[in-house]
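A closer look at the structure
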Amino acid sequence: MRPAYATPNDVRALRAFALTLLAANAVPYATAALYNDPSALPANTAYDYIIVGASPGGCVLARRLTEDPRTRVLLIEAGPERVPLEIPFLASQLQPNTAFDWNYTTVPQSGLGGRTVAYPRGRVLGGSTSINFMIYTRGSADDFDKIAELSGDSGWSWTAIQPYFKKLENLVPPTDGHNTSGEIDPSVHGTSGPLNISLSGAPLPSDPRIQATTAQLSDEFPFNEDMNSGKPLGIGWLQGTFGGGIRASASATYVRPVLGRPNLDVLVNTTVTQLVQTGTEDGEPAFRGVQFAQSRNGRRFTMNATKEVILAAGTINTPQLLLLSGLGPSHALRTHGIEPLVDLPDVGQHLADHPLLTNQYGVARSADDVFEAVARNATLAGALVAQWLAERQGLMTSVGQNHVGWLRLPPNDTAFEAQPDPSAGPLSPHYELLFAPGFVSSVAPAPSTGLFMTFFAILVTPTSRGSITLASRDPFTAPAINPNFLSTPFDRAAMRTAVRSAARFASAPAWRGFLTGQAGDFAAVNISSDDALDAWARAQTSTIWHPVGTARMGRCGDASGSGSVVNPDLTVRGARGLRIVDASVLPFIPAAHPQAAIYALAERAADLLKSGQLTCEYTWIFAQTRSSAHRCIHTRRFTPIPCSDAACFLPSPTSQRTLVGSQRDRGRLLYTPVLRILLGIALV
């Protein structure tokens, strides 16, 4: 999401002004274990884990794994160590076309009339949490229960994941100290975790109108006190990853406070170019090595981990790195001259993202268009930034939006003529509404005149699926990114419903004298016409930057090509010593801003790693039936597998996972006379 808060010249001036002020007032932090040059890393260091990518997944793991002083971790980030701009209101100045962004662009989108779309992703310590708009939404209970169902692992269910949300959160008061009763349910949240969560401390002119609408149109737009309760449906106050008036990124909250740990090294401005096979274990290649460099023609460095390499490079870069390393669809790898090492047809496939469509309305009073007031008045902008620097108070502590809505399509919506309901369940929304006090567009520049408010319509259960594929075998060349936006009848119909829903919200009595009607190019759109809305969506739809699913999680023992890349414990199928902990593993796209889910996923992954537990753990029991036939019993699925007297063999290489405790691989038996008798009788 890139709000066009101002004309291009105004945006550049505001960005330069803010960066100059902040550079002079930057808060220093420890850098004892932070390296800008790979050659400066400590010599002869044996790292237990090498983490690729300082995303929320990578930052959480770096902190949690090094809580054990015996565990040594190297975290490698392609971008710089920090973003100097931590003012929440100025988040739009961090992307695109900055040093902190990968500055990706999609391939032409057939569903958008052949347009390409700017595709910002964070290229900095903290990943996209350092440049995003900080909206914090866990998702619905149905979302997590569906992940548990699809993965076969109840540890991903809503109930099971709750302790991790509370572990990571630190709910703090808003900067203005206002009474938040009725705006949030503190019992839902954690209060001692690393990540600050808060409500806005800067009221916006539209706030009372939005609240009034939830009362006037309560059947369609009910108020929800806390949408992070697992039941998000309704309109409520927006919670964000900020506290004390400052952005709370993964790097600021998880990594910076522990940079002094002697067992953590962080290497920035360095790109991992390839995973290195370090051997073969039980017929499967092991990838405990990484190759990295700082430029296309720069020196290549190689380093191995003693335990695992963990990919946390994100939905775009993780599949790119897998493909470059020979893990992916064999036929596609060969077209680029890459030797296939593990045939994983689903690497880079199933890309899902939330399409965003901004719809502008006019406002009657200049004081109610906050964005234009700031963008068109350099003196005001300077005073607001100065206030933030001196007090951490005022408008700059806000993300520019104070409410969010999560809503479902009506059961008789025409979208369901194309296919069944794609949502995770009745608690999950189909679309999201956001409300911004000014002109916002990812396509059109902000007009130099006029007063605006923008209603966002975001489809959060899209059925369109795209892909990440190699454009080149050069790791410094961006991959081909194809989200395939609005490519299905359901998505187009659902987007029409979302825009019309926003229009009904804007027609409530609460907006009389505040809104003046549709404005800008949206003024010419006949919202009662399907064709007109489809044309508007093709011309204006962009992304809210929520790509997921390009290395999806599946069930233990799933065959190659079954739709997944990793097991429920996030280990890569058909490989050893390699795990993925980022948004690419989500088996479907949550109906929420996914950063919260990734934090929780990484917290659980850290516990799995620290405990040594592998979810795809097999217990084999050797049993003899009364007919003297010897069988192995797989105690998880109770599936009899024929075997010899000497050994029980696992059914396929992809299911060769751990046995009880440290007993690994084929041929190890758990034998008890009592179980032998009981199971033998049962098998007859």
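Position numbers for residues start from 1 in each chain and track the written sequence from start to end. Under the rules for a predicted model, residues below a pLDDT of 70 receive no local features and side-chain atom pairs below 80 are neither given nor counted, while totals for whole chains, interfaces and linings still include all residues. Think of the side-chain values as coming from all heavy atoms in the structure, minus any hydrogens and water.

Moving on, we get to the pattern of salt bridges. One side-chain nitrogen of Lys or Arg within 4 Å of one carboxyl oxygen of Asp or Glu is enough to make a salt bridge. Applying the stated criterion across every chain yields a total of 24 salt bridges. E86 is paired through a salt bridge with R82; the nearest N and O atoms lie 3.7 Å apart. Each member of the pair, E86 as well as R82, is classed as buried. R365 is paired through a salt bridge with D368; the nearest N and O atoms lie 3.1 Å apart. Taken together, the shared-partner salt bridges connect R64, E67, K167, E603, D607 and K610 into one network. Any residue under 20% of the maximum accessible area for its type is buried, any over 50% is exposed, and the rest in between are partly exposed; the area is computed with a 1.4 Å probe on protein chains only.

What follows is about the environment of Q595. Every helix listed is a DSSP run of H or I at least four residues long, and every strand listed is a run of E at least two residues long, numbered separately from the N terminus. Tracing the backbone shows Q595 in helix 13 (residues 595-611). We classify Q595 as buried; its relative accessible area is 10%. The residues touching Q595, leaving out its near neighbours within four places in the chain, are T129, N132, M134, I135, Y136 and T241. Only heavy atoms matter for contacts: two residues are in contact if any of them lie within 4.5 Å across the pair.

Attention shifts here to the sheet that holds strand 9 (residues 239-240). Ordered by their spatial adjacency, three strands build an open sheet running 6-7-9, and the pairing between neighbours is mixed. A single partner strand is all that each edge strand has here, and the edge strands are strand 6 (169-171) and strand 9. Relative to strand 7 (residues 195-199), strand 6 is paired through three bridges, and the arrangement is parallel. Residue pairing for strand 7: N170 is matched across the bridge by N196. Two strands form a pair only when DSSP identifies at least two bridges running between them.

Next up on the list: the side chain of E169. Among the structural elements, E169 can be located in strand 6. Residue classification places E169 among the buried residues on the basis of a relative accessible area of 0%. Not counting residues up to four positions away in its chain, the partners in contact with E169 are Y136, R138, V188, H189, G190, T191, S192, G193, L195 and I197.

Sheet strands pair via backbone hydrogen bonds, and the direction of the pair is either parallel or antiparallel. One open sheet holds the three strands; their spatial order is 20-25-26, and the pairing between them is antiparallel. At either margin of the open sheet sits one strand with a lone partner, and together these are strand 20 (349-351) and strand 26 (480-482). Adjacent strand axes in the sheet meet at a mean angle of 35°, parallel and antiparallel pairs treated alike. Of the pairings in the sheet, the one linking strand 25 (residues 466-469) to strand 26 comprises three bridges and is antiparallel in character. Across the sheet, residue T469 finds its bridge partner in strand 26, namely A480. Helix axes are fitted only over the stretch in contact, all axes being lines through C-alpha atoms; the angle between N-to-C directions runs from 0 to 180 degrees. Across the sheet, helix 7 (residues 314-324) is in contact with strand 20, strand 25 and strand 26; its angle to strand 25 comes to roughly 50°.

A few words now on the packing of helix 2 (residues 56-65) against helix 13. Running from N to C, helix 2 and helix 13 cross one another at 35°; their axes reach a closest spacing of 9 Å. Where helix 2 crosses over helix 13, the handedness of that crossing is right-handed. Of the residues in helix 13, those touching helix 2 at P56, G57, V60, L61, R64 and L65 are I598, Y599, A602, E603, A605, A606, L609 and K610. By definition, any crossing whose near helix is turned counterclockwise from its far helix by less than a right angle is left-handed, and any crossing with a clockwise turn is right-handed.

Our focus in this paragraph is helix 12 (residues 530-540). Along helix 12, the residues that are buried comprise L533, D534, W536, A537 and Q540. Within helix 12, the buried residues cover an arc of 160° as seen down the axis, which keeps them to one side. Buried residues along helix 12 sit against strand 21 (355-363), helix 11 (489-506) and strand 28 (542-543). Two to three positions downstream of the cap, the backbone nitrogen of D531 sits 3.4 Å from a side-chain oxygen, assigning the N-cap of helix 12 to S529. Throughout, the arc means the angular range of directions from the helix axis out to the C-beta atoms. Nitrogen and oxygen atoms within 3.5 Å of one another constitute a polar contact, given that in protein one can donate a hydrogen and the other can accept it, and given that sequence-neighbouring residues count only through two side-chain atoms.

Let's shift gears to unusual backbone geometry. P96 follows Q95 through a cis peptide bond whose omega is -10°. Inspection of the secondary structure assignment puts P96 in the loop between strand 3 (73-76) and strand 4 (104-105). Of note, the phi angle at N44 is positive, near 55°, even though the residue is not glycine. Along the chain, the position of N44 falls in the loop between strand 1 (34-35) and strand 2 (47-52). A relative accessible area of 85% means that N44 is categorised as exposed. A positive phi is found at H350, a non-glycine position, where the angle reads about 65°. On the secondary structure map, H350 appears in strand 20. Judged by relative accessible area, H350 falls into the partly exposed class, the value being 23%.

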